[in-house]
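Here is what each chain is made of, one letter per residue.
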Amino acid sequence: MDKVWRERLLTGQWFSHLPSSFQDSLLAAARERRLSAGQRLFQRGDAPCGLYAVLDGAVRIGAVSEQGKEALLSLVEAPHWFGEICLFDSQPRTHDAYAVGPCTLLNIPQATLLKMLDEQPVYWRHLALLMSHKLRLTFINLEQLSLLPAPARLAHRLLMIAEGYGELDPPRRVLQLPQEQLASMLSLSRQTTNQILKELQGQGIIGLSYGEIEILDAVRLRALATL
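Rules and cut-offs
- Residues numbered from 1 in each chain as written.
- Predicted model: local features only at pLDDT ≥ 70, side-chain atom pairs only at ≥ 80, totals over all residues.
- Heavy atoms only, no water.
- Helix = DSSP H or I, 4+ residues; strand = E, 2+ residues; numbered from the N terminus.
- Buried < 20%, exposed > 50% of the residue type's maximum accessible area, 1.4 Å probe, protein only.
- Contact = heavy atoms within 4.5 Å.
- Polar contact = N/O pair within 3.5 Å; in protein donor to acceptor, adjacent residues only side chain to side chain.
- Pairing = 2+ DSSP bridges.
- Axes fitted to C-alpha atoms, helices over the stretch in contact; angles between N-to-C directions.
- UniProt positions renumbered as here; feature names shortened; annotations may be inferred.
- Parallel < 35°, antiparallel > 145°, perpendicular 65-115°, else oblique.
- Left-handed = near helix turned anticlockwise from the far one by under 90°.
- Nonpolar A, V, L, I, M, F, W, Y, C, P; charged D, E, K, R; others polar.

**Student:** Explanation requested: the environment of Arg222 in the structure shown.
**Tutor:** The residue Arg222 is located in helix H10 (residues 218-225) in this model. By relative accessible area, Arg222 is classed as partly exposed at 40%. A sequence separation of 70 residues divides Arg222 from Ala152, and the C-alpha atoms of the two residues are 8.8 Å apart. Sequence-distant contacts of Arg222, defined by excluding residues within four places in its chain, comprise Leu159 and Glu163. Among the polar contacts listed, one links the side chain of Arg222 to the side chain of Glu163, at a separation of 3.0 Å.

Here is the structure:
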């Protein structure tokens, strides 16, 4: 099983660039966890439970207001790692995490990982790089929310998802992404999101089918994202 996990995780940029000794330590400490569709992994305010990697399926990261309105921040797919913030401050979880469909994860428990880092403090730098990459993306998204028109924001987010938020090279062409979830991530209405997608489809930039978006012309989509 360790070999299967390693092969899957090595398709991601972060894990593939770790020292082999750190890779080995993470896999030795990891345990597999399976979630059914809609099952909660953790919610805002929960105690830290360690670091996770997605092996199969997807996890939605977000929050729900007291009025029941959901803010969807991202869909975390294989081979993405998440949950590292609590390692640095030991504070409660900042957001909710739910399986979108059947999902297989790896979990390195908090206490185990902290013990590993105490023994090898140099590994902290690699976790800091994981967190700083996500912080950089957050700043970019906040800037776009304020400055870019909706079509450019949508185009940029599609490219980011295709690239696994920097984890996948080459990027995927087909995204398992319902329009409602894309609209929530962009703080756009379902109607506005559908209109933009239909226009992109009409231009031959993307293809649409139920629950899927296929990127047909990444060059033109990238040009739109920089407007």
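**Student:** Would you mind showing me how to read the sheet that holds strand S4 (residues 58-64) here?
**Tutor:** The pairing of strands in a sheet comes from backbone hydrogen bonds and takes either a parallel or an antiparallel form. One open sheet accounts for four strands, arranged S2-S7-S4-S5; its pairing is antiparallel. The open sheet has two free edges, formed respectively by strand S2 (40-42) and strand S5 (70-77), since each of these has just one partner strand. Strand-to-strand, the axes of this sheet are offset by a mean angle of 30°, without reference to chain direction. By the bridge criterion, two bridges tie S2 to strand S7 (residues 96-99) in an arrangement that is antiparallel. By the bridge assignment, Phe42 is partnered in S7 with Ala97. Packed on one face of the sheet, helix H8 (residues 179-186) meets S4 and S5 and runs near 115° to S5.

**Student:** Can you help me understand the side chain of Thr193 in this one?
**Tutor:** Tracing the chain through its elements places Thr193 in helix H9 (residues 190-202). Given the relative accessible area of 0%, Thr193 is considered buried.

**Student:** Got a minute to help me understand the UniProt feature "domain: HTH crp-type" (unreviewed entry) in the chain in this structure?
**Tutor:** Residues annotated by UniProt as "domain: HTH crp-type" (unreviewed entry) correspond here to residues 148-219. The span residues 148-219 is 50% helix and 15% strand, and its two end C-alpha atoms sit 19 Å from each other.

**Student:** Please clarify how the packing of helix H6 (residues 124-147) against helix H7 (residues 150-162) should be interpreted in this entry.
**Tutor:** Two numbers describe a pair of packed helices, the interaxial angle and the distance between the axes. The geometry of H6 relative to H7 is characterised by a closest axis approach of 10 Å and an angle of 160° between their N-to-C directions. When the axes of H6 and H7 are compared, the pair comes out roughly antiparallel. Here the hand of the crossing between H6 and H7 comes out left-handed. Facing Leu137, Ile140, Asn141, Gln144 and Leu145 of H6, the residues of H7 in contact are Arg153, His156, Arg157 and Met160. Grouping the amino acids of the contact of H6 with H7 by side-chain chemistry returns four nonpolar, three polar and two charged.

**Student:** Explanation requested: the packing of H7 against H10 in the structure shown.
**Tutor:** Put simply, H7 and H10 touch, their axes get as near as 7 Å, and they point 130° apart. Looking at the two axes, H7 sits oblique to H10. For the crossing formed where H7 meets H10, the hand is left-handed. Only Ala218, Leu221, Arg222, Leu224 and Ala225 of H10 make contact with H7, whose side of the interface consists of Pro151, Ala152, Ala155, His156, Leu158 and Leu159. Residues of the contact of H7 with H10, tallied by class, amount to nine nonpolar, one polar and one charged.

**Student:** How should I be thinking about the UniProt feature "domain: Cyclic nucleotide-binding" (unreviewed entry) in the chain in this particular structure?
**Tutor:** Following the UniProt record, the feature "domain: Cyclic nucleotide-binding" (unreviewed entry) maps to residues 14-117 here. The annotated region residues 14-117 carries 25% helix and 39% strand content, and the separation between its end C-alpha atoms amounts to 17 Å.

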